[in-house]
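So you can see what is in the structure, the chains are spelled out below.
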Number of protein chains: 2
Amino acid sequence: MVVAPNEERGAHVDPAALEALRTRLQTYMVKKGLRSTAQRRLIIDTFFEGAPHMTIEDLLQKVRNHDRGIGYATVYRTLKLLAECGVASERRFGDGLSRYELADEASAHHDHLICLRCGKIIEFEEPRIEQLQDEIAEKYGFLITSHKHEMYGHCADCQRARKESGEDLDELDE
Amino acid sequence: MVVAPNEERGAHVDPAALEALRTRLQTYMVKKGLRSTAQRRLIIDTFFEGAPHMTIEDLLQKVRNHDRGIGYATVYRTLKLLAECGVASERRFGDGLSRYELADEASAHHDHLICLRCGKIIEFEEPRIEQLQDEIAEKYGFLITSHKHEMYGHCADCQRARKESGEDLDELDE
DNA sequence: GTCCTTGCAAAACATTTGCAGTTCC
DNA sequence: GGAACTGCAAATGTTTTGCAAGGAC
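Residues numbered from 1 in each chain as written. Chains lettered and ligands numbered in written order. Predicted model: local features only at pLDDT ≥ 70, side-chain atom pairs only at ≥ 80, totals over all residues. Heavy atoms only, no water.

Visitor: Please clarify how the pairing of strand 5 (residues 111-115) of chain B should be interpreted in this entry.
Guide: Along a regular strand, successive side chains alternate from one face of the sheet to the other. Residue and element names in this part refer to chain B. Of all five residues making up strand 5, five are buried, and the element is well covered by its neighbours. Residues Asp111, Leu113 and Cys115 of strand 5 are buried on one face, and the alternating residues His112 and Ile114, pointing to the opposite face, are buried as well. Both strand 5 and strand 6 (residues 121-124) contribute to a ladder of four bridges, which runs antiparallel. Bridge pairing links aspartate 111 to phenylalanine 124 in strand 6. Hairpin connection, strand 5 to strand 6: the antiparallel pair is bridged by five residues, and glycine 119 has positive phi, about 80 degrees. Bridge count between strand 5 and strand 7 (residues 143-154): four bridges; the pairing is parallel. Looking across to strand 7, one finds that cysteine 115 is bridged to glycine 153. (Buried < 20%, exposed > 50% of the residue type's maximum accessible area, 1.4 Å probe, protein only. Helix = DSSP H or I, 4+ residues; strand = E, 2+ residues; numbered from the N terminus. Pairing = 2+ DSSP bridges.)

Visitor: Looking at this structure, I do not really get the UniProt feature "binding site: Zn(2+)" (unreviewed entry) in chain A. What am I missing?
Guide: The feature "binding site: Zn(2+)" (unreviewed entry), as annotated in UniProt, sits at Cys115, Cys118, Cys155 and Cys158 of chain A in this numbering. In three dimensions, the annotated residues from a span of 44 residues occupy one location, with a maximal C-alpha spread of 8.2 Å. Along the chain, cysteine 115 of chain A turns up in strand 5 (residues 111-115). Classification of cysteine 115 of chain A by relative accessible area gives buried; the value is 2%. For cysteine 115 of chain A, the residues in contact, after removing those within four places along its chain, are Lys120, Gly153, His154, Cys155 and Cys158 of chain A together with Phe142 of chain B. Note that cysteine 155 of chain A resides in the loop between strand 7 (143-154) and helix 7 (156-165). When sequence neighbours within four positions are dropped, the list of residues in contact with cysteine 155 of chain A reads Cys115, Cys118 and Lys120 of chain A together with Gly141 and Phe142 of chain B. (UniProt positions renumbered as here; feature names shortened; annotations may be inferred. Contact = heavy atoms within 4.5 Å.)

Visitor: What should I look at first to understand empty space enclosed by the protein in this one?
Guide: Any empty space left between the atoms is revealed when a probe the size of a water molecule rolls over them. Residue and element names in this part refer to chain A. Evaluated as defined, the whole model comprises one cavity of 30 Å³ or more. Roughly 40 Å³ of internal volume is contained in the largest cavity. Sort the elements by how many residues they give to the lining of the largest cavity and helix 6 (residues 127-139) lands first, with three residues. For the lining of the largest cavity, the class distribution of residues is two nonpolar, three polar and three charged. (1 Å grid on protein atoms, 1.4 Å probe; cavity = no way out; pocket = protein on both sides within 12 Å on 5 of 7 lines; lining within 4 Å. Points joined across faces, edges and corners; volume = space filled by probe spheres on them. Nonpolar A, V, L, I, M, F, W, Y, C, P; charged D, E, K, R; others polar.)

Right under this line is the structure:
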C-alpha cells in the first residue's frame, strides 16, 4: 500500500476500528476527568480524517484552516494525549520531526519503507517477520510492547529519476 | 549478545574489520583534504575502543579525561564525519539522544531489543529477517541503503523485578 | 601562508512548560 | 465556582553554526 502525501486516510481504515478508537479515547478522558473542547475536537477529527504520518506542522496547518487561532502547544498537547491512551502512535523517521498515525490494529502490524530522496513513505506488512520477532523476544525472555522496523533507501521512482539525471549514488566527493 | 553499559567493545570486534574502518576513514579524509588533529585522533580512538551505543555526552566525558578542553561541537563534528564516511552509524532509541556505533559488517547486520525500564540494549541478528527484508524491498522496487529494526519492551530482569515489586504493567490511572 | 579546525557562544530546532485569562461541567 | 484548557511567550534540551584564534600541511 503506497500512501501519497495528500491522500486521505478515511477510506482505508475499517470504520469499526475508528469507532473503537473513539470509544477508547472517550473512556480515557472520562476516567481522567479531561474535557472536550472545541479545539480538541477539531484537532482530533482532523487527525482521524487526515493522511497517515502527519507531522505536528501538517496538523496545525490543516486545523488552522478551520480555526485560525489554534496554537502549537495545543496540537502538541492533544497528540500527546492521543498517544498516551493508545489511540495514536508517534513515529520518527529520522528527519527530526515527530509524525503520528492512528494506532488501530492494522497500523500495529505494518512497518515502513522511507525514501531518502523524495520522502515517500511506503507501508508494508509481513507476518513472517512478526513471527520471527516473537521468536527472538522469547529467546531473550523479552516482553515486547512495541517495535519499529524501517528500511531507508531510494524508491523505484527515484532510482529512475537518478539514472536519468546522471546523479551519482555515492556522492563522496560532493 | 548482551552488552552491559560499561563493557568495552574492543574484544568483540574483528581486528581486521577495525583496520578496514580506519583505512576507509583515512581515505575519506585524504580525498576531502581533511586534517588529522590531536582532538580528532583522541575522539576517534575513544569511539573505536569504547562501548557500543555511546551518546555524545558519554564520549565527551571519556574524551575529557584525556584532554580537559575539548568542546561539544568538536565531538559532534567528529562523529558526524565518521557517520558521513560510513565508519559510524547514528542510532536513536527514542530517549532523545543520538547514539553512535561502529559500522562494521557485523553491526550492519544486527538490530536491537531496548528495555524501556532499565535502558538495557540487547543486540540480535536474524538472517531470516534480512532475507524477508530483501524480498519486500524487491517487491516495491526499493533500493535499501540502511534499515532500523528495534523492539521495545521489558527485559527478563525487569519483568522479574516488576513482579516482585508489584509494579503495574498498565499505569493508565497514574 | 593557506585554509582546515577548534572552542566558545549564540543560534536553530522541535518540544515542553508557566502563567493569566477563558471555558467546560 | 472550581478545575481543566488555551494561547502566548519563555524555557528546555539537543544539535548546528558563525567567528576569531590556533594548528596542520
